[in-house]
Amino acid sequence: MERKLVVGNWKMNGDLVGNQALFEQLVGRSPGSVDTALCLPFPYLAQGQRALSGSATMLGAQNLSEFDAGAYTGEVSGAMLADFDCRFVIVGHSERRALFHEDDLLVARKARAALAAGLAPIVCVGESLVEREAGRAEDVLLRQLDALARVLDGASLSRLVIAYEPVWAIGTGRAASPEQVQAILSFVRGWLARHVVDSRAVRVLYGGSVKADRAAALFSLPDSDGGLIGGASLIAKQFLEICEAAA
Ligand code: PEP
């Protein structure tokens, strides 16, 4: 992919007043040559829809239900997200896998639900520190990716965004090294080449403690299409500098 994609994941942060200030600092300021999106908590999607309308920054959510509609108290469907002009939804973030027990197949079904609603799922995959230190990073990635292929056909797989997010790098300040990231991005590309006709059309991102000073090195890796940014997306200056690094 020619254009990089930089996505902010606000996680469970924000309030109406603070969000507005952040939108005002961000909207219209990211480089035109980079695709940008912000994934907000559900209650702020309407605010985000208003603030981002007419701007190049796209809206996204952080989770969705695997179901379409019905007696699923507390769930939010893909169609509901589409109603608020969401273009993206994160699925299978490691926090959801670890804290909310989302397994590989549930993540795949959520990706399917997102696609059915016309959203691009940003599917997070990545190994824990224990798994990396045991030399099992690629096995874990393979298990997570193979689950997607059990639920989605090749045409659907080609509409995913894949975010490699090693669990040990998320929110820790310890980003993976460019060499570690490139090795896994290339592994993901290899997997895609076996499952998708036009695998280069699938965007593959890295996420995990990306800050402005590390962003350029990570984004310029041969198999990188951009980044998923957590903490730094809550600080306008940092997020904009990261977007600049992708330009
Ligand atoms: C994330 O939560 O997706 C993430 C990458 O977080 P951080 O940038 O804070 O490590």
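Treat the numbers as computed from the prediction; the structure is a model and nothing was measured.

## What about the environment of Gly-230?
Line of reasoning, step 1. With respect to the secondary-structure elements, Gly-230 resides in the loop between strand 8 (226-229) and helix 11 (236-245).
Line of reasoning, step 2. Given 22 C-beta atoms within a 10 Å radius, Gly-230 is considered buried.
Line of reasoning, step 3. Sequence-wise, Gly-230 and Leu-22 are 208 residues apart; in three dimensions their C-alpha atoms are separated by 14 Å.
Line of reasoning, step 4. For Gly-230, the contacting residues outside a window of four places in its chain are Asn-9, Lys-11, Ile-170, Gly-171 and Gly-207.

## Section: helix 10 (residues 212-219)
Line of reasoning, step 1. Of all the residues in helix 10, the buried ones are Ala-215, Leu-218 and Phe-219. Looking down the long axis of helix 10, one finds its buried residues gathered within 85° of arc, a one-sided arrangement.
Line of reasoning, step 2. Where helix 10 is buried, its residues touch helix 9 (178-195), strand 7 (203-207), strand 8 and helix 11.

## Concerning the site of the ligand
Line of reasoning, step 1. Surrounding the ligand, one finds 14 residues, the nearest of these being Ile-170, Gly-207, Ser-209, Gly-230 and Gly-231.
Line of reasoning, step 2. When grouped by side-chain class, the residues that make up the shell around the ligand number five nonpolar, seven polar and two charged.

## Focus: the environment of Arg-109
Line of reasoning, step 1. Structurally, Arg-109 can be placed in helix 5 (residues 104-116).
Line of reasoning, step 2. Setting aside chain neighbours within four positions, we find Arg-109 in contact with Glu-66 and Val-151.

## Some words on the nonpolar core
Line of reasoning, step 1. Val-89, Ile-122, Val-123, Ile-162 and Tyr-164 are the most contacted members of the largest nonpolar core, which totals 73 residues.
Line of reasoning, step 2. Here Ile-122 is in contact with Val-7, Phe-88, Ile-90, Val-91, Val-161, Ala-163 and Leu-228, once residues within four sequence places are set aside.

## Here we look at the UniProt feature "active site" (unreviewed entry) in the chain
Line of reasoning, step 1. UniProt annotation of "active site" (unreviewed entry) refers to His-93 and Glu-165 when read in the numbering used here. For the residues just named, distributed over 73 residues, the greatest C-alpha separation is only 8.2 Å, placing them together at one site.
Line of reasoning, step 2. When you line up the elements, His-93 lands in the loop between strand 4 (86-91) and helix 4 (94-99).
Line of reasoning, step 3. Apart from residues no more than four positions distant in its own chain, His-93 is found in contact with Gln-62 and Cys-124.
Line of reasoning, step 4. Relative to the helices and strands, Glu-165 resides in the loop between strand 6 (161-164) and helix 9.
Line of reasoning, step 5. Dropping the residues within four chain positions of it, Glu-165 is found in contact with Ser-94, Cys-124, Gly-126, Ile-170, Gly-207, Gly-208 and Leu-228.

Definitions and cut-offs
Residues numbered from 1 in each chain as written. Predicted model: local features only at pLDDT ≥ 70, side-chain atom pairs only at ≥ 80, totals over all residues. Helix = DSSP H or I, 4+ residues; strand = E, 2+ residues; numbered from the N terminus. Buried ≥ 20, exposed ≤ 12 C-beta atoms within 10 Å, placed from the backbone. Contact = placed C-beta atoms within 7 Å. Arc of directions from axis to C-beta. Near = placed C-beta within 6 Å. Nonpolar A, V, L, I, M, F, W, Y, C, P; charged D, E, K, R; others polar. Core = buried A, V, L, I, M, F, W, Y, C linked by C-beta atoms within 7 Å. UniProt positions renumbered as here; feature names shortened; annotations may be inferred.

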